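# Analysis of the macromolecular model
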Amino acid sequence: MSEFLEIDGSILEGGGQILRISISLSAILCVPIRIINIRAKRSKPGLAAQHLVGIKLVADMCGAKLTGADMGSMEITFIPGRKIRQGHYVADTRTAGSITLLLQVALPCALMADGPVTLDLKGGTNAEMAPQIDYFTGVFMTTLMKFGVNVDVKVHRRGYYPKGGGHVTVQVEPVQKFQAVKLIERGKLVKVYGWSFVAGTLPIKLAHEMADGVKEIISPVHESIDIQIYKENSKTAPDNCSGIIVACESERGCALGADALGRRGAAPDHVGRQAGLALRELIECGACVDNYAQDQMIIYMALAEGESILKCANITLHTETAIHIAQMISKAKFVMYDDPDETWTGEQNIMHCLGMRHTNRHFPSEYWEEKQRET
Ligand SMILES: Nc1ncnc2c1ncn2[C@@H]1O[C@H](COP(=O)(O)OP(=O)(O)OP(=O)(O)O)[C@@H](O)[C@H]1O
């Protein structure tokens, strides 16, 4: 029998997310893995800069033996070390490769370390097809904190496509366990908010137009919308970029977001409307998490203490993929079903997970008690 659990990177979504969730779970649960057909469904398959840097970062954190990790490689093996070590780690994609996707692979590991971890991450802060850093801090973290974690994020410099060069520091206190999370009833919205920005030489009027686009779509479902409109500081964001992140929070503490980046040839009000429409759909269907948080919550649900339930809009292929991998590597069990609410006419939208109750055996209890006394 092989000493590795074999993961097929071409299944379902067939992209970089398979790699990230597999590596994180392998490091946390000490399961040696071989990943084949990496990103086979992408136009340029194999490891790109962001994936390579992310897996090397986790290998460093847990002292793993990593083979095959080169640019373009379609197969790697990863033999994790015994524990995830506290410390200061630096990772640089040297491209606009997304910092939040580096975090996607490294954060669950840092939370299961034997002491505090600092991650100094360099790359893109606001990239296409990845969470913008502002979504991460202003929306995603609200849901993440419900798993009993706290993370401090500082953005020193913005990095945009194609140059990158952004820099973010993330301070992570480890936890012993992840709490289970149930978000089934969203309740009334208490605020709709967002950020509309330009950077570099782009005129502020673009940010106003993006915000107007959002307001046009959202105001029929929620009257007051608080969007900050600004130009980034040229010292910390010298390159050109524009974008919008729009979010809502409910009386029951659910936070959901949607976003869009400006593109050459796309009218800014259209960019705003695009983000507004995505958020409006979420608001109207009563989801408790947005379409991007769904798949990113799977690893935390799988490891958590007991039963987590999230009400989503329709379950995405990224989410199905993350569930498939989580069930292969961990002992968690997921079930998806339709909302019992009869007014729901969509597809399956409730995710139920019996988490495996993973305990961080290396949790630094003494350090933690000392810290509690200090505060
Ligand atoms: N606009 C967005 N806002 C927030 N999160 C996003 C957004 N777009 C994508 N994501 C998240 O980013 C991740 C992208 O995973 P995916 O496998 O597609 O990317 P990847 O690593 O760049 O690989 P590939 O290039 O193979 O697609 C998913 O977790 C997805 O939910």
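Reading the values: rules and limits
- Residues numbered from 1 in each chain as written.
- Predicted model: local features only at pLDDT ≥ 70, side-chain atom pairs only at ≥ 80, totals over all residues.
- Heavy atoms only, no water.
- Pairing = 2+ DSSP bridges.
- Helix = DSSP H or I, 4+ residues; strand = E, 2+ residues; numbered from the N terminus.
- Axes fitted to C-alpha atoms, helices over the stretch in contact; angles between N-to-C directions.
- Contact = heavy atoms within 4.5 Å.
- UniProt positions renumbered as here; feature names shortened; annotations may be inferred.
- Buried < 20%, exposed > 50% of the residue type's maximum accessible area, 1.4 Å probe, protein only.
- pLDDT = per-residue confidence, 0-100.
- Near = heavy atom within 4 Å.
- Polar contact = N/O pair within 3.5 Å; in protein donor to acceptor, adjacent residues only side chain to side chain.
- Areas by Shrake-Rupley, 256 points an atom, 1.4 Å probe, with all protein chains shown as cover.
- Nonpolar A, V, L, I, M, F, W, Y, C, P; charged D, E, K, R; others polar.
- Salt bridge = Lys/Arg side-chain N within 4 Å of Asp/Glu carboxyl O.

## Thoughts on the sheet that holds strand β4 (residues 76-79)
- The strand order β1-β2-β4-β3 describes an open sheet built from 4 strands, whose pairing is mixed. Strands with a single pairing partner mark the edges of an open sheet, and in this sheet they are β1 (5-8) and β3 (65-67). Adjacent strand axes in the sheet meet at a mean angle of 15° when their direction is disregarded.
- In this structure, β3 lies alongside β4, joined through 3 bridges in antiparallel fashion. Bridge pairing in β4 places K65 opposite I79.
- Against the sheet, helix α1 (residues 16-29) makes contact with β1, β2 (33-36) and β4, and its axis sits at roughly 175° relative to β2, the strand it touches most.

## What to know about the UniProt feature "binding site: ATP" (unreviewed entry) in the protein chain
- Within the UniProt annotation, "binding site: ATP" (unreviewed entry) is assigned to Q104, Y292, A293, Q294, D295 and Q296. Sequence-wise these annotated residues cover 193 residues; spatially they are packed, their C-alpha atoms never more than 12.9 Å apart.
- In this structure, Q104 sits in helix α3 (residues 99-111).
- Excluding residues that lie within four positions of it along the chain, Q104 makes contacts with R20, S24 and Q296.
- Looking at where D295 falls in the secondary structure, it is placed in helix α7 (residues 293-303).
- Accessibility expressed as a relative area gives 11% for D295, which makes it buried.
- When neighbours within four sequence positions are excluded, D295 is seen to be in contact with Q17, H318, T319 and A322.

## Focus: the confidence of the model for the protein chain
- Looking at the protein chain, the pLDDT average stands at 96 and 98% of residues meet or exceed 70.
- Quick note on the complex model: pTM equals 0.96, ipTM equals 0.97.

## Observations concerning the site of the ligand
- Taken together, 19 residues form the shell around the ligand, and within it R20, R39, R42, D295 and H318 come nearest.
- Here an oxygen atom of the ligand and a side-chain polar atom of Q104 are 3.0 Å apart.
- Expressed as a share of its isolated accessible area of 640 Å², the protein-covered part of the ligand is 89%.
- Counting only elements with at least two residues in the shell around the ligand, the list comes to α1, α2 (49-62), α3 and α7.
- At 3 residues, α1 tops the list of elements feeding residues into the shell around the ligand.
- Residues of the shell around the ligand, tallied by class, amount to 6 nonpolar, 8 polar and 5 charged.

## Concerning the pattern of salt bridges
- Under the criterion given, the structure shown has 16 salt bridges.
- R158 is the salt-bridge partner of E232, the closest N and O atoms lying 3.4 Å from each other. With E232 in the loop between β11 (226-231) and β12 (241-250) and R158 in the loop between β7 (151-157) and β8 (166-172), this pair connects stretches of sequence that are 74 residues apart.
- On the accessibility criterion, E232 (12% relative accessible area) is buried.

## Here we look at the sheet that holds strand β16 (residues 350-354)
- Strand order in the open sheet formed by 4 strands is β9-β14-β16-β15, and the pairing between neighbours is mixed. What marks the edges here is a single partner per strand, and that holds for β9 (182-183) and β15 (333-337).

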